[in-house]
Amino acid sequence: MYSKCQKCGRKLTDPESIERGYGPECWGSILPHYSIEQEEPEESIPGQMTIEDFLEGLKNGGEKDMS
Ligand SMILES: [Zn+2]
């Protein structure tokens, strides 16, 4: 529980913001970072591409389709 925004220090007024510690605007700017970290655990990286493959791709043709 927080009484102030942990990012900008503004006073929090709604219960949801108080609980997460950020005002809606700051939460909106923080949330993308969180979701990126949570949705891409290391295990989800495709096993067939190693760092060597990646470097090889850079050597051979510059850009590689990363999708
Ligand atoms: Zn804020």
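Structure: see above.
Residues numbered from 1 in each chain as written. Predicted model: local features only at pLDDT ≥ 70, side-chain atom pairs only at ≥ 80, totals over all residues. Heavy atoms only, no water.

## Some words on the pattern of salt bridges
For step 1, the next point in the chain: Inspection of every chain in the model, using the stated rule, returns 3 salt bridges.
For step 2, the next point in the chain: In this structure, Glu25 engages Arg10 in a salt bridge whose closest nitrogen and oxygen atoms are separated by 3.8 Å. Placement of the pair is Glu25 in helix H2 (residues 24-39) and Arg10 in the segment before helix H1 (15-20), with a sequence separation of 15 residues. Of the two residues, Glu25 and Arg10, both sit in the exposed class.
For step 3, the next point in the chain: Where Lys59 meets Glu56, a salt bridge forms, and the shortest distance between an N and an O atom there is 3.7 Å. Of this pair, Lys59 and Glu56 both sit in helix H3 (residues 51-61), 3 residues apart, roughly one helical turn.
For step 4, the next point in the chain: Under the relative-accessibility criterion, Lys59 is labelled exposed at 65%.
For step 5, the next point in the chain: By relative accessible area, Glu56 is classed as partly exposed at 39%. (Salt bridge = Lys/Arg side-chain N within 4 Å of Asp/Glu carboxyl O. Helix = DSSP H or I, 4+ residues; strand = E, 2+ residues; numbered from the N terminus. Buried < 20%, exposed > 50% of the residue type's maximum accessible area, 1.4 Å probe, protein only.)

## Some words on the coordination of the zinc ion
For step 1, the next point in the chain: For the zinc ion, the protein coordination sphere consists of Cys5 (SG), Cys8 (SG) and Cys26 (SG), at 2.2 to 2.3 Å.
For step 2, the next point in the chain: All donors of the zinc ion come from a single chain, and their spacing in sequence reads C-x2-C-x17-C. Of this pair, Cys8 sits in the segment before H1 while Cys26 sits in helix H2, and the two are 18 residues apart along the sequence.
For step 3, the next point in the chain: Cys8 sits in the partly exposed class, given a relative accessible area of 41%. (Donors = N, O, S within 2.8 Å, 3.2 Å for Na, K, Ca; no water.)

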